[in-house]
Amino acid sequence: MAKIKEVRTFRYLVLGRGRLLAVAGSELIERAAELLGVTDVGPIGAVGGQKAVRRVRTDAGDAVMKVIAVTSATSASLVRVGREVEWLKSRSNPHVVRVISELAVIGDPAVGAGWLEELLDGVDLGTRLGPRWAWSETRALIQDVASGLAEAHRSGIVHRDLSPNNVRCLLSGRFKIMDFGFARYMLEPGVTAFGQQPGTAGYLSPEHLNAFSGVPMPASDVFCLGILAYQALTGEPPIPFLGDVDEYIGRVRSVEVSQDIGNARPDLTREQHTLIRRMLHPQPARRFIDAGRLLDGLAGMA
Amino acid sequence: MTTWIEDSPRNLPQWISESVDAGLAAATVITPWATPWRPHNVRGLKPHAARRIGTLRAAGVPVFFDPMTHVLQMAGIGDDRFYNEYPLWGGNRGDLTSPALREQHVIQVLRVQDALDVPHLAPTELLHTGLSQASSRALDLARRAAAADPSVLLPVAGTTEFWASGSALDAHVGSLASLQPGGWVVTMVHADRTMPTTTTAEAIHGLCRTVRALADLGPVHVSHGDFAALPAVAAGASSVGTGWDQRQRSCSYGDYGARVGGSGFGSWNQRVAIRGLVGSITQNEATVLQTRDPALFAALGGGCPPDPRSTFNHHLRVLVQLVGGLTRLPDPQDRYEALVDLYRLATANWTLVGRHGRFTSSAADWIRPFADGLALYGATEGW
């Protein structure tokens, strides 16, 4: 992994109880671009969080640079992040965003890290959710995302944060997974506020609330993909976040689905209902145990 | 596959091979807690593991070696006369605190199994709740064993509190399931040495949920299960552990305590299994019942076996009938409903039996917690 000297100046967000959250501000972005040998063109999406997403120019054309500010990374997590970046860089799965650089760790001890990804066309899944999708399109979503996840699961990698903003709808009509969980090792744990594991409100599995041997596993990614499929079919996530963290955690822990898929979409077949219910089963071992098994289950369906 | 004969310090290979020949048992298990590792040439002492396995295998009996590492975490263990002979540890016995020590233990367990030419069955740690530092160590042991041999059998061993720990149990089991091993060996461990075992509806519910999930991924054996394992069989388990001694029919701390005044493990086999009660009564109780109401006694499938050997054979036959009555039903809901009916009938039968005298146990002991746990499982499944 490439490294440069410690960056002394970077911004903070002030969180509750006086905690500070590092922001991937201009200094870190500049340093990351320098390390990665690219020219920063400008932001993609929202600005000002712990992660910056930038369009950059490289010798081979435009790409995406992601920069995260780090305040609590341990050497172990950096090693793990580096390993997963290497894994993503070595893959060319059509349903997983391609990482095209090494992980650049900024500072010693680390204050940030950055890497480059291919620039994707299309839009984030989040912008497409709302209207009810047909089964055929939902099936394509499940198929494509599961295909990307299956390769990761075979390598012992769990995404951990599958959400509408981490899946891209390409102009071709296919889907691609972005933001594998590697970045989450380095994010400030308190940012999530929902428990022990990183994740996105409305898109958590019960395992996101656990510690020890119960943390997110391949079946947790299946659950989160089940959430996306349910939302595509019904317009709403099955366990929506309504603003109260404790209340939401209670419903996630007991997998309290607001409306059974059979009632929400009576036009679907029994087999289709069963697939969605199984993806959202409260017991991880009762779901498809990983994305490969999900693909097997999907294979026999129309 | 219906029963496996669990290990006992009593050396009765003939009983095991006859059970297998009769189709009443599918395999047997030996453990370092009941079988020596080294040859001793002491008259009356059980032969060492390699010789014993040779004898059993020559008689056509499939054999497993369960390291039963989870016994080491039980309070009050003291009968380790054989255990300490086995080369199962690189560091101090029972020390699983570091990844290196866990790796070493897994490797040495698998080496012992290779030396004995038996299938790989991983070690695990006794758990008291679904998620804890101990569960992380148990998962790590399982990961290392599955990495060494993807077809390894993985154990899950916990107290009633562990099995009753709800979503924490489910999460731990989910992590184990993601390893996709060749099969499963589950054990409910009891702090008290009683028969029938003392348990709770919540623990039985957890056992059923777990078995239901794991049985979709591979065969599940309920170690030391006997009659108490019937709800797990209804949930999909394919075999249960049993034997002629109490320590083969349940797994409790007291079975591994220091021996006081001799072996002390021979009394249980005098109880008589009664199919219609889904339980057992003492020989005196059986005699009284047979005398006072021979028609009822016969209808319940009772018998008065004259000696320990026939008592064991009778027990095994009753257990196989009960287990087989469930496993022949391929549909999980059918299995569940069959056991609900069986328990309902047995509860009524215990009432009938109670009219003929005061019995040392009742439906409250043999049926209620199991039936209540089964009902919770059925409700979870929407049945």
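Please refer to the structure placed before this passage.
Residues numbered from 1 in each chain as written. Chains lettered and ligands numbered in written order. Predicted model: local features only at pLDDT ≥ 70, side-chain atom pairs only at ≥ 80, totals over all residues.

Asks: How would you sum up the overall build of chain A? Please name residues and give values.
Replies: Summing up its helical and strand segments, chain A has eight helices and 11 strands in all. Buried residues in chain A amount to 45% of all 302 residues. For chain A, restricting intrachain contacts to residue pairs at least 6 apart in sequence, the fraction spanning at least 24 positions comes to 63%. (Helix = DSSP H or I, 4+ residues; strand = E, 2+ residues; numbered from the N terminus. Buried ≥ 20, exposed ≤ 12 C-beta atoms within 10 Å, placed from the backbone. Contact = placed C-beta atoms within 7 Å.)

Asks: So what about the packing of helix H13 (residues 332-354) of chain B against helix H15 (residues 368-381) of chain B? Which residues, and what values?
Replies: Residues and elements named next belong to chain B. In contact at an axis separation of 10 Å, H13 and H15 are set at 150° when each is read in the N-to-C sense. Judged by the inter-axis angle, H13 sits roughly antiparallel to H15. Of the two possible hands of crossing, H13 and H15 adopt the one that is left-handed. Taken together, the residues of H15 that come into contact with H13 (itself represented by Tyr336, Leu339, Val340 and Tyr343) are Phe370, Ala371, Leu374 and Gly378. Residue composition of the contact of H13 with H15, by class: seven nonpolar, one polar and no charged. (Axes fitted to C-alpha atoms, helices over the stretch in contact; angles between N-to-C directions. Parallel < 35°, antiparallel > 145°, perpendicular 65-115°, else oblique. Left-handed = near helix turned anticlockwise from the far one by under 90°. Nonpolar A, V, L, I, M, F, W, Y, C, P; charged D, E, K, R; others polar.)

Asks: Explain the interface of chain A and chain B residue by residue, including any values.
Replies: Of the residues lining the interface, 18 residues belong to chain A; the matching set on chain B comes to 23 residues. Of the residues in the side of chain A that touches chain B, the class split is 10 nonpolar, four polar and four charged.

Asks: Go over helix H2 (residues 49-58) of chain B, please, and point to the residues and values.
Replies: All names here are of chain B. Residues of H2 that are buried include every one of Ala49, Arg52, Ile53 and Leu56, and no others. One side of H2 holds all its buried residues, which, seen down the axis, span an arc of 95°. Where H2 ends, the next residue or the one after it, Gly60, has phi of about 85°, a positive value. (Arc of directions from axis to C-beta.)

Asks: Can you explain the sheet that holds strand E9 (residues 123-124) of chain A? Please cite residues and give values.
Replies: All names here are of chain A. The three strands are arranged E9-E10-E11 in an open sheet whose pairing can be described as antiparallel. Every interior strand has two partners, whereas the edge strands, E9 and strand E11 (175-177), have only one. Pairing of E9 with strand E10 (residues 167-169) involves two bridges; the strand directions are antiparallel. Within E10, the residue paired with Asp124 across the bridge is Arg168. (Pairing = 2+ DSSP bridges.)

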